[in-house]
Amino acid sequence: MKKLVILISGTGSNLQAILHACRSGQLAAEITAVVSNKASAGGLDYAREAGIPALSLDPAAFSDRQQFDRQLMAEIDNFHPDLVVLAGYMRILSPEFVARYTGRMLNIHPSLLPAYPGLHTHRQVLENGDREHGSSVHFVTEELDGGPVILQSRIPVFPGETEQQLQARVKAEEHSLYPQAIRWFLEGRLALRNHQAWLDNIPLPPGGYSPEHAVR
């Protein structure tokens, strides 16, 4: 059974989707810990109710980002994960942290990368009049939201749609998208080689693997 450690900062909706995938047999894995930079994160309560070790680290208790990340690494390593999963973790990672888990750390971002890295992606899509939006799973590198894309889900943007409505539809897509990418990794089908994502020993294009039926 493979081991996952999940990092969160908020309610943990993707955490819930991943846990469901584990317990339904979609993923041959267990979540061994959930860690947050916010003690108030709702996802920690969800993890505890599910019987998963859940802990938080307060950034204010550390002298700088490097010291925080070193403690975070120590906590993660206590659980010996095969994969570190960022699920709404809203802190920029230090180069030392990224280097430690390079090739075995994934993130999900609510845009069709490389478009709209960073925050407020849904708002930017609407302000720019984009006809398409979505989400991307990618390997984590030192560049913010800039690691090689593995998989994307695309949805149309409807006329008159609000930011909250668009966010909800993107989030719903993420709940199936993320477990799929995690499954590929755990099955040994997905790897990071020479700064590129590879699936089944084939290098993926810059936009990752995006099946035609993803737009719906």
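In this text, all values refer to a predicted model and were calculated from it rather than measured experimentally.

A. Region of the structure containing the overall build of the chain. Scanning the chain from N- to C-terminus turns up six helices and ten strands. Taken over the C-alpha trace, the chain has a radius of gyration of 17 Å; the compact-globule value for 216 residues is 17 Å, and the two agree within 12%. Within the chain, residue pairs in contact and separated by at least 24 positions form 64% of the contacts whose partners lie at least 6 positions apart. Accessible area for the chain stands at about 10,500 Å²; split by element, carbon and sulfur atoms hold 50% of it. Once the 19 positive and 23 negative side-chain charges of the chain are each reduced to a mean point, those two points are 3 Å apart.

B. View of the sheet that holds strand β10 (residues 202-203). Spatially, β8-β9-β10 is the arrangement adopted by the three strands of the open sheet, whose pairing is antiparallel. Two strands lie at the open edges of the sheet, namely β8 (190-193) and β10, each paired on one side alone. Across four bridges, the pairing between β8 and strand β9 (residues 196-199) is antiparallel. In the strand pairing of β9, Leu192 is matched with Ala197.

C. Representation of the packing of aromatic side chains in the model. Enumeration according to the criterion identifies three aromatic pairs in this entry. On the basis of an interplanar angle of 80° and a centroid distance of 5.5 Å, the ring pair of Trp184 and Tyr209 is categorised as edge-to-face. Of the two residues, Trp184 is situated in helix α6 (residues 163-186) and Tyr209 in the segment after β10; the sequence distance between them amounts to 25 residues.

D. Geometry of the side chain of Glu75. Tracing the backbone shows Glu75 in helix α3 (residues 65-77). Arg48 provides the closest opposite charge to the buried, unpaired Glu75, separated from it by 12 Å. Not counting chain neighbours up to four residues away, the residues in contact with Glu75 comprise Leu55 and Leu57.

E. Inspection of the nonpolar core at higher detail. In terms of nonpolar packing, the biggest core is built from 38 residues, with Leu4, Ile18, Ile31, Ile150, Tyr178 and Ile182 touching the most fellow members. Ranked by residue count, the leading element in this core is α6, at seven residues. Dropping the residues within four chain positions of it, Ile31 is found in contact with Leu4, Ile6, Leu15, Ile18, Leu19, Cys22 and Ile52. Listed in part, the 19 residues of the second largest apolar core include Leu7, Ala33, Leu86 and Met105.

F. The arrangement of the sheet that holds strand β5 (residues 105-109) in detail. Overall, mixed pairing links the seven strands, which are arranged β3-β2-β1-β4-β5-β6-β7 in an open sheet. Since the sheet does not close on itself, it has two edges, and those belong to β3 (54-56) and β7 (149-156), each with one partner. Shown here is a sheet whose adjacent strand axes are inclined to one another by a mean of 20°, direction ignored. Where α6 meets the sheet, its contacts fall on β1 (2-8), β2 (29-36), β4 (83-86), β5, β6 (132-139) and β7, and the angle it forms with β7 comes to roughly 155°.

G. Representation of unusual backbone geometry within the structure. Pro114 follows Leu113 through a cis peptide bond whose omega is 10°. Along the chain, Pro114 turns up in the loop between β5 and α5 (121-127). Phi is positive for His80, close to 50°, though the residue is something other than glycine. Residue position: His80 is located in the loop between α3 and β4.

H. Just the pairing of β7, in detail. In terms of burial, β7 is largely enclosed, as six of its eight residues are buried. With seven bridges joining them, β6 and β7 adopt antiparallel strand pairing. The partner of His138 across the bridge, within β7, is Val149.

I. Representation of the pattern of salt bridges within the structure. According to the stated counting rule, one finds ten salt bridges in the structure shown. Note that Arg48 is salt-bridged to Asp45, the shortest N-O span being 3.4 Å. With Arg48 and Asp45 both in helix α2 (residues 42-49) and three residues apart, the pair spans about one turn of that helix. Given a relative accessible area of 43%, Arg48 falls into the partly exposed group.

Quick notes on the rules
- Within any chain, residue numbers begin from 1 and follow the written order of that chain's sequence.
- It should be noted that, the model being predicted, local features are given only for residues of pLDDT at least 70 and side-chain atom pairs only at 80 or more, the latter also being counted only at that level, while totals for whole chains, interfaces and linings use all residues.
- Each side-chain value is worked out from all heavy atoms of the structure, with water and hydrogens disregarded.
- The numbering of helices and of strands both runs from the N terminus, where a helix is a DSSP run of H or I of at least 4 residues and a strand a run of E of at least 2.
- Atoms counted for the radius of gyration: C-alpha only. Globule rule: 2.2 Å times residue count to the power 0.38.
- By definition, residues are in contact when any of their heavy atoms lie within 4.5 Å.
- All accessible-area figures derive from a Shrake-Rupley calculation using a 1.4 Å probe, and residue coverage is judged against the displayed protein chains alone.
- In this count, Lys and Arg are taken as positive residues and Asp and Glu as negative ones, while His and the chain termini are left out.
- Taken as the charge location is NZ of Lys, CZ of Arg, CG of Asp or CD of Glu.
- Two strands qualify as a pair provided that DSSP identifies no fewer than 2 bridges between them.
- Whether two aromatic rings pair depends on their centres lying within 6.5 Å, for rings of Phe, Tyr and Trp, where Trp uses its six-membered ring; planes under 30 degrees apart make the pair stacked, over 60 edge-to-face, and the rest tilted.
- We call a residue buried when its accessible area falls under 20% of the maximum for its residue type, exposed when it is over 50%, and partly exposed in between, using a 1.4 Å probe and counting protein chains only.
- Each salt bridge in this description consists of a side-chain nitrogen of Lys or Arg and a carboxyl oxygen of Asp or Glu lying within 4 Å of one another.
- What we call a nonpolar core is a set of buried Ala, Val, Leu, Ile, Met, Phe, Trp, Tyr and Cys residues that are connected through their side-chain atoms within 4.5 Å.
- Angles run from 0 to 180 degrees between N-to-C directions of axes, and those axes are lines fitted to C-alpha atoms, restricted for helices to the stretch in contact.

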